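Structural overview
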Amino acid sequence: SQCSPAMRPFRLIFVLLFLLAAGAPGRAVSNSADVPHLHVQLVVPQDALYPTGSNEVGLYFKLEPGWHIYWKNAGDSGQPPRIKWTLPDGVTAGEMQFPAPKRLPLGPLMDFGYEGEVLFPLKLAVAPTVKEGKGVLHAKVDWLVCREVCIPGKAELETTLQLVAHEPPAAAGSGLDAELMERFAKALPKPLPANSRAVFQPAAGGFRLGVDTGKREGSAVFFPSDQDILDNPAPQKLTPTATGLILELKKDANLSANPAALKGVLVLSGGRAYELAAQPGTVAAPAPSLSGLALLQKSGLAFLGGLLLNLMPCVFPVLFLKGLALVRSGNQERHALRAHGFVYAAGILVSFWLLVALLLGLRAAGAGLGWGFQFQSPVFLALMAGLLFFLGL
């Protein structure tokens, strides 16, 4: 404020350069950063890297309440965190691993991701010919953090470790970083046990996923690895079986061909999570379970539906003709009347069961059909309207 008028332009340029420098990401001097709505940290349990060591590191996020970041398949919106390494010669980074996510509804959409805190582990490979000494691990990280709105974020994190070419010591890493790695290791999906089996079968409007875990499962959520396979917000109907479960999954509206394998993560009760690559196969349709009260209710509705059907204009002529036939048969013997009644009732039941069998067969073949589906066709409706019009004439 005390500079001369001649110096003010230089002062303005200095201030602008200072602001640009302050706002630029620059090289990090720390292994952690506090940014809007989250804390991000490079977790390194050990002080040195060895050619035959576990060499595990991790990317840790702690989020403000109500905010979330994303799984590798973000769902209907979003994108997962990404990391780009600058490593010493002889050190390479493996793929970042993703813990099991949770369903995050956002209006009509469904996202897959994490709230609270999460750690993404990965392994570093060290060549036996690595040059011993100090090495800098530098990571450029970017992410998308969302609540009602989404905010992109980025940070540069780095840490310095000792690079050692000989065998690692027997003692494992210790400290807060090691505790974090151990705590979040349980959240990683495990391979499906060798004695378990997962198959899927196309069904009406989606897929039927059957998983044999060896015991009855009362809770399950499936997260597809690939996008545009399932209708993410649709509920997943669970039917427990004696040795596992059956999940009814609705396919994405834009899916044109069935996948060769249904890949993803299955989350079960107790926090158990398994990686699946279900192969095509046969999955028995879940048997409907009806209580006595529900059966009585459905039977009553069916009876009322039958009465309502008899009030339809197209049924009146049939009732009249049938009534006339019954009057004319009044002079027949009782056993003939009884046989006629049984055959008439059996004809109705058999006809409807044949229609049901045809419908179920078409559904099993992958057709998206339901009862009365033909009335969703404009062509069929036009033909029916024309038929009723001419009958009315």
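Attention here is on the structure that accompanies the text. (Residues numbered from 1 in each chain as written. Predicted model: local features only at pLDDT ≥ 70, side-chain atom pairs only at ≥ 80, totals over all residues. Heavy atoms only, no water.)

So, on to a nonpolar patch on the surface. Where nonpolar side chains cluster on the molecular surface, the patch consists of L308, L309, L311, M312, F316 and L319 and spans about 580 Å² of accessible area. Those elements giving two or more residues to the nonpolar patch turn out to be α3 (292–309) and α4 (316–328). Its location among the elements puts L309 in helix α3. (Patch = residues over 30% accessible without salt bridge, like charges linked within 9 Å, V, L, I, M, F, W, Y side chains within 5 Å. Areas by Shrake-Rupley, 256 points an atom, 1.4 Å probe, with all protein chains shown as cover. Salt bridge = Lys/Arg side-chain N within 4 Å of Asp/Glu carboxyl O. Helix = DSSP H or I, 4+ residues; strand = E, 2+ residues; numbered from the N terminus.)

This part takes up the pairing of strand β2 (residues 38–43). Most of β2 sits out of view: 6 of its 6 residues are buried. Residues L38, V40 and L42 line one face of β2 and the alternating positions H39, Q41 and V43 line the opposite face, and both faces are buried. Here strand β1 (residues 32–35) runs beside β2; their pairing, made up of 4 bridges, is antiparallel. Along β2, the bridge assignment pairs S32 with Q41. Where β1 hands over to β2, the hairpin turn is made up of 2 residues, of which H37 adopts a positive phi near 75°. Relative to strand β4 (residues 56–63), β2 runs antiparallel, the two being bridged by 6 bridges. Across the sheet, the residue bridging to Q41 is Y60, located in β4. (Buried < 20%, exposed > 50% of the residue type's maximum accessible area, 1.4 Å probe, protein only. Pairing = 2+ DSSP bridges.)

Turning to empty space enclosed by the protein, a few remarks are in order. With a probe scaled to a water molecule rolled over the atoms, the places where space remains empty come into view. This structure, assessed with the given rule, holds 1 cavity of 30 Å³ or more. Split by residue class, the lining of the largest cavity holds 4 nonpolar, 2 polar and 3 charged. (1 Å grid on protein atoms, 1.4 Å probe; cavity = no way out; pocket = protein on both sides within 12 Å on 5 of 7 lines; lining within 4 Å. Points joined across faces, edges and corners; volume = space filled by probe spheres on them. Nonpolar A, V, L, I, M, F, W, Y, C, P; charged D, E, K, R; others polar.)

Moving on to the nonpolar core. Counting 40 residues, the largest nonpolar core has V40, F61, I69 and F120 as the members making the most contacts within it. Broken down by secondary-structure element, the contributors of at least two residues to this core are β2, β4, β5 (68–75), β9 (109–115), β10 (117–126), β11 (133–146), β12 (150–163) and β19 (262–268). If near-sequence neighbours (up to four positions away) are discounted, V40 is found in contact with N31, S32, A33, L59, Y60, F61, W143, A155 and L157. F200, V211, L245 and L262 belong to the second largest nonpolar core, which has 19 residues in total. (Core = buried A, V, L, I, M, F, W, Y, C linked by side-chain atoms within 4.5 Å. Contact = heavy atoms within 4.5 Å.)

A few words now on unusual backbone geometry. Phi angles above zero are rare outside glycine, and N55 is one such case at about 50°. In this fold, N55 is placed in the loop between β3 (48–49) and β4. Relative accessible area serves as the criterion here: at 3%, N55 is assigned to the buried category. Positive phi, close to 60°, is recorded for D228, a residue that is not glycine. Mapped onto the elements, D228 comes out in the loop between β16 (220–224) and β17 (237–241).

Now for the pattern of salt bridges. Applying the stated criterion across every chain, the model contains 8 salt bridges. Where E117 meets R183, a salt bridge forms, and the shortest distance between an N and an O atom there is 3.0 Å. With E117 in strand β10 and R183 in helix α2 (residues 176–185), this residue pair connects regions lying 66 residues apart in the sequence. Accessibility expressed as a relative area gives 28% for E117, which makes it partly exposed. Looking at R183, the relative accessible area reads 44%, which means it is partly exposed. A salt bridge links K250 to D231, with the nearest nitrogen and oxygen atoms 3.6 Å apart. A residue pair is termed long-range when its members are at least 10 positions apart, and K250 in strand β18 (residues 244–250) and D231 in the loop between β16 and β17 qualify at 19 residues. Look at K250 and you get partly exposed, because its relative accessible area is 46%. Given the relative accessible area of 25%, D231 is considered partly exposed.

Before going further, it helps to examine the state of the cysteines. The final tally for this structure, using the stated rule, is 1 disulfide. Each sulfur of the disulfide joining C146 and C150 lies 1.9 Å from the other. On the sign convention where negative is left-handed, the bridge of C146 and C150, at about 115° about the S-S bond, is right-handed. (Disulfide = S-S within 2.5 Å.)

Nothing here speaks to function; it is geometry throughout.
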